[in-house]
Structure formats: structure tokens, C-alpha cells
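# Geometric and topological summary
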Amino acid sequence: MVTENKQFMSSTLNLSSKVYADLRLKLITGELKPGETLSIRTLAEAYDHGSMPVREALRQLSSDGALVGEAKKAYRVPDLSAKEAAKLFYVRAALEGASAEIAAKTVRPKDINYLRQLSSKMDQAWKVNNAEKFLKNNFLFHSYIYAMAKNSVLEKMAENLYIRTGPWLAKGIQDNLSKPNAWEASHDGIIDALALGNSAEARRLIEVDSGWGKQLYED
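Residues numbered from 1 in each chain as written. Predicted model: local features only at pLDDT ≥ 70, side-chain atom pairs only at ≥ 80, totals over all residues. Heavy atoms only, no water.

### What to know about the environment of Gln-60
Note on placement: Gln-60 falls in helix α4 (residues 51–64). In this structure Gln-60 comes out as partly exposed when scored by relative accessible area, which is 38%. Once the C-alpha coordinates of Gln-60 and Ser-17 are considered, the two residues, 43 residues apart in sequence, prove to be 9.5 Å apart. (Helix = DSSP H or I, 4+ residues; strand = E, 2+ residues; numbered from the N terminus. Buried < 20%, exposed > 50% of the residue type's maximum accessible area, 1.4 Å probe, protein only.)

So this is what it looks like as C-alpha cells:
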């Protein structure tokens, strides 16, 4: 089962995996923006590592589709068109819907409690305009549901799409953060449906939630 420590704390990982995990987090929270270039040399200096673990981390993110190779020693966050971004959100929503549908059949009380904690943290973050905290907990919420489905292929595909849409989700959230109550309690319906074992409703609601980006970039 996915836990917060596994997602964001990397004390037991090797250097390449630590860099990989940190860059993924920067994609999730929007610190790395669409079109931004990442230099192996600059990152090696920032992380105080040799170039090899940084290069390996960037290659892995490129393999995941989260970065694209720009030059021999540089990578770039994809600068998608709005239409391309909308397509990624569409596929992500479908995968998340499948995850929620499966998860609703095996959900446990402790799963519901953990999801409610994350939802509460998101609400608190929104109220104080803390986009980074909101986005971190939003990722933990969704990735936990992927893991609840207990389908490693589905989990990997859904999480990969989340990382790839991360900079675009972050941009949308940051642009809308000042709107009162825009996302307050937005995940409670998903949690309620899971708690009731209502697979169809859990799927519908998480597809609506994850499809927000599709609607945003299609408009």
C-alpha cells in the first residue's frame, strides 16, 4: 500500500533514486514548469552529486514521458499544447475511474480514515492559498486509490499519467487558488462512495475530479 513516507521520503534510496523522487515531486507541485530546461551539470551542483546519478534520474523521467531530451546534457519539461494536455487528463481520468471502481470493492475503514485526513489537509491548504501543500496531498490521495486497486499495471500507468499532467495541474490550481471554496471538500464525495462500496459512483466522481484538467485546457 502506498504511504506518505514511500512517496516523499527517500532516505533509504540510492542517489539516482533520490534525485528521481525529488524531481517527480517538483513536477507534481509545479516547481518545474512546462518548457523548463534541466541541465545535468546544474542539477549535479544543486544536489551536490556527481553527474551520473542525475543523468540516470533524468533518463528515467524521460522514459516515463515526464521529460524530453533537449540536448546531450539537458532535458526539458514538455511544453504541451492545451489540446495535448487535455488528452493526457482524459486518459488519466479513465485510469483513475477504473482504480476507484476496483478499490470500492475492497476498501477498509483505515483506508477511509487516511483519505479523509488527506482531504482535510487539502481543504486547509486551499484556505491559506498553499498550492504546494494542496498538490502534495492531492497526489497522495489519488496515488493511494491507485494502490488500493491492487493492480500493479494499472497503478503504474495511472501514477505515470499523474506525473506527466503534474505541471499542468499545478498551473491550473495556482491560477484558481484565489477563488473561495473552489475545491473545498471536493474529494469528500469520492470518499463517501468508496466507504459505501458504491463502485459506479466512486468511478464517476473521481473521473469528474481528474477530468477537471481536461475541461480546463479544452476551453
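### Observations regarding the pattern of salt bridges
Enumeration over the complete set of coordinates arrives at 11 salt bridges. Lys-26 is the salt-bridge partner of Asp-22, the closest N and O atoms lying 2.6 Å from each other. Taken together, the residues span about one helical turn, with Asp-22 and Lys-26 both in helix α2 (residues 15–29) at a distance of 4 residues. The class for Asp-22 is partly exposed, based on a relative accessible area of 23%. In this structure, Glu-132 engages Lys-136 in a salt bridge whose closest nitrogen and oxygen atoms are separated by 3.4 Å. Within this pair, Glu-132 and its partner Lys-136 are both found in helix α7 (residues 131–148), separated by 4 residues, close to a single helical turn. Residues participating in the shared-partner salt-bridge network are Glu-101, Arg-203 and Glu-207. (Salt bridge = Lys/Arg side-chain N within 4 Å of Asp/Glu carboxyl O.)

### Quick notes on the packing of aromatic side chains
Under the definition given, this model contains 5 aromatic pairs. An angle of 15° between the planes, with centres 6.1 Å apart, marks the rings of Phe-89 and Tyr-217 as stacked. Residue Phe-89 is located in helix α5 (residues 82–103), and its partner Tyr-217 is located in helix α11 (residues 212–218); the two are separated by 128 residues in the primary sequence. Among the residues examined, Tyr-217 registers a relative accessible area of 10% and is labelled buried. Judged by centre distance (5.2 Å) and plane angle (65°), the rings of Trp-126 and Phe-134 are edge-to-face. (Phe/Tyr/Trp six-rings, centres within 6.5 Å; stacked < 30°, edge-to-face > 60°.)

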